[in-house]
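A closer look at the structure
The lines below spell out each chain.
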Amino acid sequence: MIDVKTADRELQLYIRPQTFPVAIRMLRPGEEIPEKARRPARDFKKLSMNCQVIDMARRYGWMIALTREDHICSLGIAALGFEKPTHLHNSGTLCEGMYTETKAAGQRSEAAVDKFAPGEYSTLLVAPLDRTTFEPHLVCIYANPAQVMRLTQAALWKRGGKITSSFGGRIDCSEIIVTTMRTDQPQVILPCSGDRIFGQTQDHEMAFTIPWTQMEEVIEGLKGTHNGGIRYPITQFMEYEAKLPPKYMEASRIWEVEHGRSQFTNRDRVVAAYRRSFADRVPVYPIVASFAGTLDGLSIQEYCTNVPKAITAMLNYYERYQPDVVLAYNDLAKEAEAFGCRVKYSDYVVPSIDQHVLHEDKAKLAHLAMPDPYKTARLPGFLEQCEALVRAKPPTAIGAVAVGPWTIAMLLRNPETMLLDTFEDPQFIHDLMRVATDFCKISGDAIAKTGIGLSFSEPTASISLISPDNYRDFVAPYHKELVDYFKAKKVGVTTHICGTTYPIYEDLLRCGFTTVSFDLDQQADPTLYVDQLSRFMEVSKGRAVAIGNVDATKFERSTKEAMVADVRRCIDAAARHSAFILSTSCEIPPRSDAEIVKWFMDAAREYGRYDRIFDGAEAAPTV
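Quick summary incoming for the structure in this document.

Before going further, it helps to examine the overall build of the protein chain. If you tally the helices and strands in the protein chain, you get 26 helices and 15 strands. Its C-alpha atoms give the protein chain principal-axis dimensions of about 105 × 50 × 45 Å. Taken over 623 residues, the protein chain has a buried fraction of 57%. Per element, the accessible surface of the protein chain, about 25800 Å² overall, is 52% carbon and sulfur. Taking the average place of the 72 positive charges on the side chains of the protein chain and the average place of its 80 negative ones, the gap between the two points comes to 5 Å.

The subject of this paragraph is the sheet that holds strand S5 (residues 187-189). Taken together, the six strands give an open sheet; going across it, the order is S2-S3-S1-S4-S6-S5, and neighbouring strands pair in antiparallel fashion. Looking at the sheet topology across the chains shown, the edges are occupied by strand S2 (64-67) and S5. When the angles between neighbouring strand axes are averaged without regard to direction, this sheet yields 25°. Bridge analysis of S5 against strand S6 (residues 206-211) gives three bridges, and the strand direction is antiparallel.

Another aspect to go through is the side chain of Thr-450. By the element assignment, Thr-450 lies in the loop between helix H20 (426-449) and strand S11 (453-457). Engagement of the side chain of Thr-450 in a polar contact is seen with the backbone nitrogen of Ile-452, the distance being 3.5 Å. In this structure Thr-450 touches Leu-383, Cys-386, Glu-387 and Val-390, once residues within four positions along its chain are discounted.

This next bit is on helix H24 (residues 560-574). Helix length check: H24 (15 residues) gives 22 Å between terminal C-alpha atoms against 21 Å at 1.5 Å per residue, within 8%. Residues of H24 that are buried include every one of Lys-560, Met-563, Val-564, Asp-566, Val-567, Cys-570, Ile-571, Ala-573 and Ala-574, and no others.

Backbone-to-backbone hydrogen bonds pair the strands of a sheet. The strands run either parallel or antiparallel. Here we have seven strands laid out as an open sheet, ordered S7-S10-S11-S12-S13-S14-S15, and parallel in their pairing. The open sheet has two edge strands, strand S7 (325-328) and strand S15 (580-584), and neither has a second partner. The mean inter-strand angle of the sheet, taken between neighbouring strand axes irrespective of direction, is 25°. Where S11 and strand S12 (residues 493-497) come together, four bridges link them in parallel fashion. Directly across from Ser-457, in S12, lies its bridge partner His-496.

Right, let's get into the pairing of strand S10 (residues 397-403). For S10, the buried fraction is high: six of the seven residues fall into the buried class. Relative to S11, S10 runs parallel, the two being bridged by five bridges. Following the sheet pairing, Ala-402 is matched in S11 by Phe-456.

Now for the environment of Asn-266. Topologically, Asn-266 is positioned in helix H12 (residues 266-274). For Asn-266 and Pro-323, which are 57 residues apart along the polypeptide, the C-alpha to C-alpha distance reads 7.0 Å.

Okay, the pattern of salt bridges next. Working definition: two side chains of opposite charge can pair if their charged atoms are close together. A complete count under the given rule lists 44 salt bridges for this structure. In this structure, Arg-68 engages Glu-83 in a salt bridge whose closest nitrogen and oxygen atoms are separated by 3.0 Å. With Arg-68 in the loop between S2 and helix H4 (74-79) and Glu-83 in the loop between H4 and helix H5 (87-90), the pair connects residues that are 15 residues apart, well separated along the chain. In this structure Glu-83 comes out as buried when scored by relative accessible area, which is 13%. A cluster of three or more residues bridged by salt bridges with shared partners is formed by Asp-531, Asp-551, Lys-554, Asp-566 and Arg-569.

Okay, the packing of aromatic side chains next. One pass over the full model with this rule turns up 15 aromatic pairs. Residues Tyr-505 and Phe-536 carry aromatic rings whose centres are separated by 5.0 Å and whose planes lie at 85° to one another, so their mutual orientation is edge-to-face. Taken together, the residues span a long stretch of sequence, with Tyr-505 in helix H22 (residues 505-511) and Phe-536 in helix H23 (residues 532-540) at a distance of 31 residues. For the residue pair Tyr-505 and Phe-536, the accessibility class agrees, reading buried in each case. Judged by centre distance (5.0 Å) and plane angle (45°), the ring pair of Phe-518 and Phe-536 falls under tilted. Pair noted here: Phe-518 is in strand S13 (residues 515-518) and Phe-536 is in helix H23, with a separation of 18 residues, a long-range link. For the residue pair Phe-518 and Phe-536, the accessibility class agrees, reading buried in each case. Seen from the ring of Trp-62, Arg-38 lies directly overhead, with NZ or CZ sitting 4.2 Å from the centre.

Of the two faces of S7, the one carrying Val-325 and Leu-327 and the one carrying Val-326 and Ala-328 are both buried. Bridge analysis of S7 against S10 gives four bridges, and the strand direction is parallel. In the sheet register, Leu-327 faces S10, and the bridge partner there is Gly-399.

What follows concerns unusual backbone geometry. Residue Asn-549 is reached from Gly-548 by a cis peptide bond, and omega for that bond is -25°. On the secondary structure map, Asn-549 appears in strand S14 (residues 545-550). Phi at Asp-184 takes a positive value of approximately 55°, unusual for a residue other than glycine. Looking at the element boundaries, Asp-184 is found in the loop between helix H8 (172-183) and S5. The partly exposed category is assigned to Asp-184, whose relative accessible area is 35%.

What counts, and where the lines are drawn
- Residues numbered from 1 in each chain as written.
- Predicted model: local features only at pLDDT ≥ 70, side-chain atom pairs only at ≥ 80, totals over all residues.
- Heavy atoms only, no water.
- Helix = DSSP H or I, 4+ residues; strand = E, 2+ residues; numbered from the N terminus.
- Buried < 20%, exposed > 50% of the residue type's maximum accessible area, 1.4 Å probe, protein only.
- Areas by Shrake-Rupley, 256 points an atom, 1.4 Å probe, with all protein chains shown as cover.
- Lys, Arg positive; Asp, Glu negative; His and termini not counted.
- Charge placed at Lys NZ, Arg CZ, Asp CG, Glu CD.
- Pairing = 2+ DSSP bridges.
- Axes fitted to C-alpha atoms, helices over the stretch in contact; angles between N-to-C directions.
- Polar contact = N/O pair within 3.5 Å; in protein donor to acceptor, adjacent residues only side chain to side chain.
- Contact = heavy atoms within 4.5 Å.
- Expected span 1.5 Å × (residues − 1).
- Salt bridge = Lys/Arg side-chain N within 4 Å of Asp/Glu carboxyl O.
- Phe/Tyr/Trp six-rings, centres within 6.5 Å; stacked < 30°, edge-to-face > 60°.
- Lys NZ or Arg CZ within 6 Å of the ring centre and 35° of its normal.

Pasting the structure below:
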């Protein structure tokens, strides 16, 4: 059997690589690491990765042992089996948008990566071939294409035929180490982006691997082809801890959480959904307004009119349930009230308008004063709520619920009367929508200045109330104008529409809403009923974040089994797509059962775990 020094001498003679051939061995758990081997974390005080240490060995002539504790690259860690791949690997998220167009394509790319079984090996050991003190599993030679050609010819000297290799353009450390060891065949290696960036492999370089058991045959092939007339006649800084792409670091963050060294905040989960990625579980919150007040013993009217008590109630609600989103939200009547409508309060249901300022005389529109969000009616108090939530800095996403232009217009005129206007006086509707949209810009600016997220609720834009054509004629142009206005200010806009909305999903997406919250389909006939969440995920394809849609009516009276089943329905329909926040179909009733809300949150946190969703682990029973 050839020895390492002879093998190196022959490679230098016939190939003349610019850098040292590298001996590579994978150590099993408990196998001793050579005393002279450098350890990145211990000796460099920095973490490293597979391509870095291979390149250190071939450029510096160092022996390096890389264990899990020395490692930073989530892709290389998973390939060598130092950790079990996360759901971010298995879902295709680490590829999507960088190497593949979709998560599905990313899943295929991840599945094609050769990997050692988790725990099969514990250490990657590398050293220049002529100085190695261990028997290698393989030797890796970086060379230009002509030198790789010579090595290929040598490998075929005895057997003939062709060498078969495959290329993914990423994770070449898997092809160098895992593929070569698994196949026990020489491999032509196309260095990946990470090797070129972090290993500083040059544009002209390729690599070639030789199983140690075949080294003598390859050397003989070099001599034979040489005698047959086929012949061939940069130190760089490597000691750094790399700044990897954010998606790779998200995988590392999951391992940090699993090992108890970090944790995800409520806001982290929401941010991951907006990035079309995944944290540890599906983000979740119920749509809550007056319910927060009733938990504190407030009447609905007190909650909607006493700002300090409302602020305290919402923060107390957050502390009790720890939702991933908290809303500045009291009721949907305050904007119409600011225009002069009268609000009716109840002990059991949300506030409503019982006197519409334009009901009897639409000519009054010309004389309506534009409300000032800083001075008129209850609008200043709502801004105070927004500011208070921002100041409180809960570790969660926070948003404000304002009323959209169509619903303001309907409340000013009266919904039934305005539906007749769509036939009898469409120009009046456009005039009214102009006023309402201008007000939404003014009030939205005031809300956005507090630093809180912006949402416009449009319950009356439902296709349960108006036709899709009415939405396109009378609502969509103003929605798009509103979204474009705030987009220019770098403010994303969410909308919630009650009832049936699936016929206008494409219209909502064309308007540009960053997030769409929706209700349950209102079809009474079960054969016509549409699961609106599933339909939205099919239609949107990640173009907007989906919020929904556990039945809000269940929160006053339900069984635990029914609540868990509805939570599971939503998670099964949408969680694998990301861009999803589990919530309720609408605002939960003010007199909701506090225990049912807890069932909802508990079921979401357990069944919504991404490791369960992507790894197939069963959810624990929700007790």
